[in-house]
Amino acid sequence: MNIDRNVIVGVALPGTVPRMQTLRHWWREAMARQVFLLPIAVVFLALFLIPLGQTLWYSLTDFNGYSRALRFVGIKNYVRAFTDPSMIASLGYTFFYAVSTTIVVTALAIPLAIALNQHFLGRNAVRAVFFFPAIPSIAVLGLVWSFILSPLPSGAVNTVIGLVGLGSVPWLSDPMLARLSTVLVSVWGQTGWHAILYLAYLQSIPSDFYEAAAIDGANARQRFFHLTLPLLAPAVTVSQMLLLTGGLKVFDLPYTLTKGGPGYATTTLSQVIIRRGLGEAKFGEASALAVVFMLLVLAVVVAQFAISRRLERRL
Amino acid sequence: MHRQNSKMLALLSITMIALAVIMGLPFYYIIVNTLKTQQVAGNSPFGLPSRLFLDNYLSVFRTVPILRSALNTLYITGASVFLMLLIGSMAAYGMITRRTALNRLFGAALLLAFMVPFQSTLIPLYQMLARVHLVDSLNGLVVMYSAGSIFCYFLILGYMRTVPFEIIEAARIDGCGTFGIYWRIVLPLIRPILITVGVFQTMWVWNDFITPTVFLSSPVNKTLVLQVYSAVGQFAINWPAFMTLTVIVLFPVVVFFIAMQKHIVNGLVSGGIKG
């Protein structure tokens, strides 16, 4: 209470002793609040800034994690990264995975969300079933699917195909089919989640918009393209951003489903970084990959943001 | 018009339920085969078992240290989410009450940090943990997950902007200290976002695979997801046993889903918007 009176006095009588106390009080109060930012500053320094700096530095050296004497090698690691066949294969696959899951999930999730927004019988149960695959660990689901798609007796898909009289399909051992399988399982796992995201946006569209459009004589197709889609544009931006960055960063699903095989057919960038860096202790090379990877993710985020901004404005 | 509409809805209902059945088929497949012997499961993978066979559950509980993994996962998730919410909410409160130029700059730096993928800092982080002997330790993993506090900070900050802060000023006049205000007034005020973010991060940590695979190695430290992963080799032939382990591991997740469905969807929407 004493201090508060000083505050008042300090304002009323500038230049007197109480003002000094006010200043000190203000300073103490400011520092007390600044302390609240201390933990996150520690997290930022220890878990982001310093390791990021180290990654940048290692990427220019021949550091192998053991010998203390590390040599500056310039861009040698970057050159090697781009000439390494496993790296090129994983770059190609990671892009394929990120882009195709983004396209397919978006193409399925928007109509699904519109359907889930209608008042049909069993709607809540259907919503829950579609959403559920996003709840458990995708790593566990990947392992389950590796059994379902296997040519062994556990492979239900091949059992069904066998019943129709066709031969067993090498879902996970043929390079192209393996790539396709990872995308299919990913689509199965993510479509419901993104549909619920779209649904949340759909529910915020006032229904009188549709009534007005119907009175103006707009048919269902026109209502979709001129009303629903423009109003969903922000949701498309968010959903595609999550799908694209998630796809580029992906590790769990291809790894648990196919282990990255056959060969390098479904090896992701994340997997190569981890294997090079921690498995083979080639810190320099792995760090160069990590830097390239980060720039790639940032570039995609920026590009996607710019494109969708422009599209949103045009709609 | 009305009749046509109800016919359409009936058709939609049938289509959607059929699609949902196809989507849910893998889960039916997992569950139904835990109740069969290996031979029966191989002969009719989709059929219902003729008699209830519970040996898979008994043998999985006997051979896999599920309880240990569950406790590890529970500890890691509980400690990490608590830490993330604490650090994130403290930072948001500090940032909102002290808007200096330096703090704004720091806020922008946090936004950049938020976009750095984990894979890009992984190797130095591994070395750092190795130096302080926290590799292959549950607490080391908690340290790694505390990086998630930056995500929490952004969501909580967004929510705090909508909270009327006159209450806080009133509390200050009543003689509450800065920490007292945070603990007794700010935290209860932002409870809804704490729950939403907490649920969101719980699902991340509980389900995470990449961090435990990289940082944990000894069997006693395994999380549930790692336990399932290493059981693939063990149950490669006896796949009904593998499905049984999966069902046991998924059980708490299903309970969590049913209890928290509303918050999960909230988290999805706000996390999606901010993320």
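The rules behind these values
Residues numbered from 1 in each chain as written. Chains lettered and ligands numbered in written order. Predicted model: local features only at pLDDT ≥ 70, side-chain atom pairs only at ≥ 80, totals over all residues. Heavy atoms only, no water. UniProt positions renumbered as here; feature names shortened; annotations may be inferred. 1 Å grid on protein atoms, 1.4 Å probe; cavity = no way out; pocket = protein on both sides within 12 Å on 5 of 7 lines; lining within 4 Å. Points joined across faces, edges and corners; volume = space filled by probe spheres on them. Helix = DSSP H or I, 4+ residues; strand = E, 2+ residues; numbered from the N terminus. Core = buried A, V, L, I, M, F, W, Y, C linked by side-chain atoms within 4.5 Å. Buried < 20%, exposed > 50% of the residue type's maximum accessible area, 1.4 Å probe, protein only. Contact = heavy atoms within 4.5 Å. Domains from an automatic or database assignment. Buried area = accessible area lost by both parts, 1.4 Å probe. Salt bridge = Lys/Arg side-chain N within 4 Å of Asp/Glu carboxyl O. Polar contact = N/O pair within 3.5 Å; in protein donor to acceptor, adjacent residues only side chain to side chain. Nonpolar A, V, L, I, M, F, W, Y, C, P; charged D, E, K, R; others polar.

- Looking up chain B in an unreviewed UniProt entry gives the name sn-glycerol-3-phosphate transport system permease protein UgpE, with the organism given as Kaistia soli DSM 19436.
- One UniProt comment on chain B, placed under Subunit (unreviewed entry), says "The complex is composed of two ATP-binding proteins (UgpC), two transmembrane proteins (UgpA and UgpE) and a solute-binding protein (UgpB)."
- Checking UniProt for chain B, the heading Sequence similarities (unreviewed entry) contains the comment "Belongs to the binding-protein-dependent transport system permease family."

- Under an unreviewed UniProt entry, the name given to chain A is Multiple sugar transport system permease protein, and the organism recorded is Kaistia soli DSM 19436.
- The UniProt entry for chain A carries the following comment under Subcellular location (unreviewed entry): "Cell membrane".
- If you open the UniProt record of chain A and go to Sequence similarities (unreviewed entry), you find "Belongs to the binding-protein-dependent transport system permease family."

## Focus: the layout of surface pockets
No. 1: Of the volumes computed, that of the second largest pocket is approximately 1,200 Å³.
No. 2: Forming the walls of the second largest pocket are 23 residues, and the residues nearest its centre are Ile114(A), Gln118(A), Tyr210(A), Arg223(A) and Asn5(B).
No. 3: No other element matches the five residues that helix α1 (residues 2–33) of chain B contributes to the lining of the second largest pocket.

## Section: the nonpolar core
No. 1: By size, the foremost hydrophobic cluster in this structure holds 146 residues, and its most contacted members are Ile40(A), Phe48(A), Tyr93(B), Tyr153(B), Met160(B), Ile190(B) and Phe242(B).
No. 2: Take this core: its biggest share by element is 14 residues, from helix α14 (residues 239–274) of chain B.
No. 3: If near-sequence neighbours (up to four positions away) are discounted, Tyr153(B) is found in contact with Ile40(A), Gly88(B), Ala91(B), Ala92(B), Met95(B), Gly107(B) and Leu110(B).

## Some details on the side chain of Gln201(B)
Residues and elements named next belong to chain B.
No. 1: Positionally, Gln201 belongs in helix α11 (residues 191–207).
No. 2: Assessed through its relative accessible area of 4%, Gln201 is described here as buried.
No. 3: With residues near it in sequence (within four places) discarded, Gln201 still touches Val81, Met84, Gly148, Phe151 and Cys152.

## What about the domain arrangement of chain B?
Residue and element names in this part refer to chain B.
No. 1: Under the domain assignment, chain B is made up of domain 1 (2–55) and domain 2 (60–274).
No. 2: The C-alpha centroid of domain 2 is placed 34 Å from the C-alpha centroid of domain 1.
No. 3: On the domain 2 side, the residues contacting the eleven residues of domain 1 number nine residues.
No. 4: Among the residues of domain 1 in contact with domain 2, Ile30, Thr34 and Gln38 are the three that bury the most area, contributing 58% of the side total.
No. 5: Remark: the boundary between domain 1 and domain 2 carries zero salt bridges.
No. 6: At the junction of domain 1 with domain 2, the criterion picks out zero residue pairs in polar contact (both at pLDDT 80 or more).
No. 7: Put simply, the parts of the chain that give the side of domain 1 that touches domain 2 at least two residues each are α1 and α2 (38–43).

## A few points about the interface of chain B and chain A
In many analyses, interface size is given as the accessible surface area lost on bringing the parts together.
No. 1: The partner chain A presents 84 residues to the 81 residues of chain B that form the contact.
No. 2: Where chain B meets chain A, there are zero salt bridges.
No. 3: Counting across the chain B and chain A interface gives 13 residue pairs in polar contact (both at pLDDT 80 or more).
No. 4: With 15 residues, the single largest contributor to the side of chain B that touches chain A is α14(B).
No. 5: For the side of chain B that touches chain A, the per-class residue count stands at 61 nonpolar, 17 polar and three charged.

## Remarks on the domain arrangement of chain A
All names here are of chain A.
No. 1: Annotation of chain A at the domain level lists domain 1 (2–58) and domain 2 (85–314).
No. 2: Distance between the C-alpha centres of domain 1 and domain 2: 45 Å.
No. 3: Carbon and sulfur atoms make up 84% of the surface buried where domain 1 meets domain 2, a total of about 390 Å² over both sides.
No. 4: Counting every contact that joins domain 1 to domain 2 gives zero salt bridges.
No. 5: Summed over the shared surface of domain 1 and domain 2, the result is zero residue pairs in polar contact (both at pLDDT 80 or more).
No. 6: Classifying every residue of the side of domain 1 that touches domain 2 by side-chain character gives three nonpolar, one polar and no charged.

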